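Each chain, letter by letter, is given below.
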Amino acid sequence: MTPFEWNFPTKLTYGPGRISEVGEIAKAYGKKAMVATYAKGSPLDPVIDTVEASLLEAGLEVVVFTGIEPNPRAQTIDKAIEMFKAEECDLVIALGGGSVIDGSKYISATAFSGGNAWDYVVLGDRVPREYTGAFPIISIPTISAAGSECNAGGVITNAETNEKSFSRSPYRIPKVAIVDPEVLASVPMRLTQDSCVDIFSHLIEHYLSSDAESEFADRQTEGMILCLKENFAKIIENLDDLEVRGQLALCSIFGWSGIQALGRMGCIPMHSIEMPLSGIYDLPHGRGMVVVIPAYLEHMADAKPHRWAKLARRCFDVTEQDDLKAAKLLSVKVTEWLKETGAYLTLSDVGIPDDKFEQMADDVVRMFPGPIPQSTPGARPVTKDDIVAIYELCK
Ligand SMILES: [Fe+2]
């Protein structure tokens, strides 16, 4: 195992109907709350009203910032930061999916620390600005995917450059996450499929990227993958099943909490390779992962065949004893699974042409530089040529 530090500071409040407790919970953190959420005019509108009413009833003042996009724009977040400061808010209620919660992290920490949201992201050789603190965040996830509701990460997009990047800061970990399966049951079929695959992508990123051995981490990951597979099959039969929504919520939260990687934290190249799909073409992140995962698993199977083989045997019923042969079966099995669940999509299915592969690969190796020139870190250094080859397999 590699040495590590880990904690899980977010208080998890779970249960049907518990969104109405947000006012009582929030008043411990301030007197004026900004509710950050998507544009109005969606099935989420009644939920926004419920949250606002609960806050008002508990005696808080409320400012609502709507219009955070999927793939949240740094420019939109900067407007929210200005509003937060002008209104002298004390805390952020992040009501939405990973995009809204990620965006809210930049609102709370940038309003506290100064500058613009984009100043803080990883960007090639640039040294990102460091936060000095953050206002409290209460997260209310409306979709189970990113696990952002309980972690330190956050991804935003620069609409002026079409770049998408991330940062992590312990200051921004939400104080409380209110996970209400009645809210999660509003997610439609396609987004549910995308989000389950995003959860899967988080579970396998570290599993496949590290040489360190941690059987505890492996078993945590494998258990959550098996739980995800069982509940993915159930949720597409009945989107309103609150018990299943709850199980998927736990897979989302703990699949990207660090507990799945204790002692073998690795790099996350699949997410880097997906970022141009969202940054340039505005593809929802989870759908981008649907497209990228089978191609990545196929192209990189020889990078750490013993890791690929372990996952294939333990979670996808592969019995092949030769590691390299078993490793190559992983992509085949995952593709079968994505087709069974109706999730499988190619680049052409999502309307992305093949004329920018070189530029997209350049973006990845420039923004997330690896140990050799024109590469990004991964199970082995992933070169620009590798990335172009992976995009070719996504067609
Ligand atoms: Fe993700």
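The shown structure was predicted, so the numbers you read here are calculated from the model rather than taken from an experiment. (Residues numbered from 1 in each chain as written. Predicted model: local features only at pLDDT ≥ 70, side-chain atom pairs only at ≥ 80, totals over all residues. Heavy atoms only, no water.)

1. Concerning the overall build of the protein chain
When you go through the protein chain residue by residue, the secondary structure sums to 14 helices and 10 strands. For the protein chain, whose C-alpha radius of gyration is 20 Å, the value lies close to the compact-globule estimate of 21 Å for 395 residues. The C-alpha extent of the protein chain, read off along each of the three principal axes, is 65 × 45 × 45 Å. The 395 residues of the protein chain split such that 58% are buried. Taking all contacts inside the protein chain whose residues are at least 6 apart in sequence as the whole, residues at least 24 apart take part in 75%. (Helix = DSSP H or I, 4+ residues; strand = E, 2+ residues; numbered from the N terminus. Rg over C-alpha atoms; globule rule 2.2 N^0.38 Å. Buried < 20%, exposed > 50% of the residue type's maximum accessible area, 1.4 Å probe, protein only. Contact = heavy atoms within 4.5 Å.)

2. Some points on the pattern of salt bridges
Where charged atoms from two side chains of opposite charge approach closely, those side chains can pair. Using the criterion set out here, one finds 29 salt bridges in the structure. Residue Glu-274 is joined to Lys-164 by a salt bridge in which the shortest nitrogen-to-oxygen separation is 3.8 Å. With Glu-274 in helix 9 (residues 269-281) and Lys-164 in strand 7 (residues 163-168), this residue pair connects regions lying 110 residues apart in the sequence. Both residues of the pair, Glu-274 and Lys-164, belong to the buried class. Where Glu-215 meets Arg-219, a salt bridge forms, and the shortest distance between an N and an O atom there is 3.2 Å. In this pair, Glu-215 and Arg-219 are both assigned in helix 7 (residues 215-235), four residues apart and thus about one turn of the helix distant. Linked by salt bridges that have partners in common, Glu-213, Glu-215, Asp-218, Arg-219, Glu-222, Arg-264, Arg-307, Lys-310 and Arg-314 make up one network. (Salt bridge = Lys/Arg side-chain N within 4 Å of Asp/Glu carboxyl O.)

3. Here we look at the coordination of the iron ion
Protein-derived coordination of the iron ion comes from Asp-198 (OD), His-202 (NE2), His-271 (NE2) and His-285 (NE2), at a distance range of 2.1 to 2.2 Å. Around the iron ion sit four donor atoms; with metal-centred angles ranging over 84 to 171°, the donor geometry is irregular. Ordering the donors of the iron ion by residue number gives the pattern D-x3-H-x68-H-x13-H. Of this pair, His-271 sits in helix 9 while His-285 is found in helix 10 (residues 285-299), placing the two residues 14 residues apart along the sequence. Assessed through its relative accessible area of 21%, His-285 is described here as partly exposed. (Donors = N, O, S within 2.8 Å, 3.2 Å for Na, K, Ca; no water. Tetrahedral: all angles 85-135°; square planar, octahedral: opposite > 155°, others 65-115°.)

4. A short note on the environment of Pro-373
Along the chain, Pro-373 falls in the loop between helix 13 (357-367) and strand 9 (375-376). With relative accessibility at 74%, the residue Pro-373 sits in the exposed group. When the C-alpha atoms of Pro-373 and Thr-383 are compared, they prove to be 8.1 Å apart, with 10 residues separating the residues in sequence.

5. Thoughts on the sheet that holds strand 1 (residues 11-14)
With parallel pairing, the six strands of this open sheet are ordered in space as 1-8-5-4-2-3. Across the chains shown, the open sheet's two edge strands, defined by having one partner strand only, are strand 1 and strand 3 (61-65). Going across the sheet, the axis of each strand differs from the next one's by a mean of 20°, ignoring polarity. Strand direction decides the pairing type here: strand 1 and strand 8 (residues 176-179), joined by four bridges, are parallel. (Pairing = 2+ DSSP bridges. Axes fitted to C-alpha atoms, helices over the stretch in contact; angles between N-to-C directions.)

6. A look at the packing of helix 9 against helix 14 (residues 384-393)
At a closest axis distance of 11 Å, the pairing of helix 9 and helix 14 adopts a crossing angle of 60°. Where helix 9 crosses over helix 14, the two elements pack in a sense that is right-handed. Here Ile-273, Pro-276 and Leu-277 of helix 9 lie close against helix 14, whose contacting residues are Ile-387, Ile-390 and Tyr-391. Taken together, the residues that form the contact of helix 9 with helix 14 break down as six nonpolar, no polar and no charged. (Left-handed = near helix turned anticlockwise from the far one by under 90°. Nonpolar A, V, L, I, M, F, W, Y, C, P; charged D, E, K, R; others polar.)

7. With respect to the UniProt feature "domain: Fe-containing alcohol dehydrogenase-like C-terminal" (unreviewed entry) in the protein chain
The feature "domain: Fe-containing alcohol dehydrogenase-like C-terminal" (unreviewed entry), as given by UniProt, occupies residues 194-392 in the numbering adopted here. Taken end to end, residues 194-392 is 64% helix and 2% strand, and its first and last C-alpha atoms sit 21 Å apart. (UniProt positions renumbered as here; feature names shortened; annotations may be inferred.)

8. Observations concerning the packing of helix 6 (residues 189-209) against helix 7
As a packed pair, helix 6 and helix 7 sit with axes 10 Å apart at the nearest point and diverge in direction by 165°. Relative to helix 7, helix 6 is oriented roughly antiparallel. As for how helix 6 packs across helix 7, the hand of that crossing is left-handed. Within the contact between the two elements, helix 6 uses Thr-192, Gln-193, Cys-196, Val-197, Ile-199, Phe-200, Leu-203, Ile-204 and Tyr-207 and helix 7 uses Asp-218, Thr-221, Glu-222, Met-224, Ile-225, Leu-228, Phe-232 and Ile-235. Classifying every residue of the contact of helix 6 with helix 7 gives 12 nonpolar, three polar and two charged. (Parallel < 35°, antiparallel > 145°, perpendicular 65-115°, else oblique.)

9. A short note on unusual backbone geometry
Phi is positive for Asn-162, close to 60°, though the residue is something other than glycine. One can find Asn-162 in the loop between strand 6 (153-158) and strand 7.

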